Amino acid sequence: MTDLTRYRSFFRIPPGMIYLDGNSLGPLCEPAERSLQSAVASWRDRAILGWTAGEHPWFEMSRAVAAKLAPLLGADATSVAVGQSTTINLHQLLASFYRPAERPKIVTDATSFPTDRYAVVSHLALRSRSEADLVVVPADADRRLSEDRILKAMTPDVGFAVLPAVVYTSGQLLDMVSVTAEARKRGILVAWDCSHSAGVVPHHFLTDDIDLAFGCGYKYLNGGPGSAA
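Not measured: the values here are computed from a predicted model.

Conventions and cut-offs
- Residues numbered from 1 in each chain as written.
- Predicted model: local features only at pLDDT ≥ 70, side-chain atom pairs only at ≥ 80, totals over all residues.
- Heavy atoms only, no water.
- Phe/Tyr/Trp six-rings, centres within 6.5 Å; stacked < 30°, edge-to-face > 60°.
- Buried < 20%, exposed > 50% of the residue type's maximum accessible area, 1.4 Å probe, protein only.
- Helix = DSSP H or I, 4+ residues; strand = E, 2+ residues; numbered from the N terminus.
- Contact = heavy atoms within 4.5 Å.
- Expected span 1.5 Å × (residues − 1).
- Arc of directions from axis to C-beta.

Regarding the packing of aromatic side chains
- Throughout the structure, instances matching the rule amount to three aromatic pairs.
- With 5.6 Å between their ring centres and 85° between their planes, tyrosine 7 and phenylalanine 10 make a pair best called edge-to-face.
- For tyrosine 7, a relative accessible area of 32% translates into the label partly exposed.
- Ring geometry for tryptophan 51 against tryptophan 58: centres 5.6 Å apart, planes inclined by 80°, an arrangement best described as edge-to-face.

Structure below.
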């Protein structure tokens, strides 16, 4: 097990506080503080030239961050994009890959993070569909999701699925590889929400042949206010 205690001194923990909320907002750390100060200095000294000049041109920042995230995801840097929020990114995936005219139903689960379900429901409305096209897989009595039950819900009229890599209420890790492969046999694309797995669970998107994934940097990747997804 990796000893992480040496990193403790990097973080600015408010006096008298035991900080356990890093899953939604990481505490400020010294490298982040230096980066913020550097960005402000670049804005002050270069103005609009900050987009293309300096040590860290703003125009290239999303690509630079994507390259840093790629090893954590087991993905090629060119297949990773950083920007917006988790919900906006999910909307973009639905806009790009959901084909309601062909197979209108979308599978999700009863334990999904609420905003994921809100995004799917609102996107169905944007496509002139109704919530009747949402297939919600219930959890078992012990709050676990059954991969078999998920696959049984993938009927011929389903074309898309939005599922969690890790169930945020229980910590259950779903078998992304087998579910993706079985869904592909049925002609179904799966978009995995990795908000609660990126940074804490090893991912291998490329070798595991994952179709689509989205997530955020403001949970276990310790992102701060305004952190992109």
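Section: the side chain of histidine 196
- Looking at the element boundaries, histidine 196 is found in the loop between β4 (189-193) and β5 (212-214).
- Among all residues touching histidine 196, those that are not within four sequence positions of it are Phe113, Val166, Tyr168, Lys219 and Tyr220.

Topic: helix α4 (residues 114-126)
- Helix length check: α4, at 13 residues, gives a terminal C-alpha distance of 18 Å against a target of 18 Å (1.5 Å per residue), a fit within 8%.
- Within α4 the residues assigned to the buried category are Asp116, Ala119, Val120, His123 and Leu124. Buried residues in α4, looked at end-on, bunch into an arc of 135°, giving them a common side. Relative to its buried face, α4 has exposed residues pointing more than 90 degrees away, namely Tyr118 and Ala125.
- Those residues of α4 that are buried lie in contact with α3 (86-97), β1 (105-109), β2 (134-137), β3 (158-164), β4 and β5.
- Residue serine 128 follows α4 closely and has a positive phi angle near 60°.

No statement about biological role is implied by the geometric values presented.
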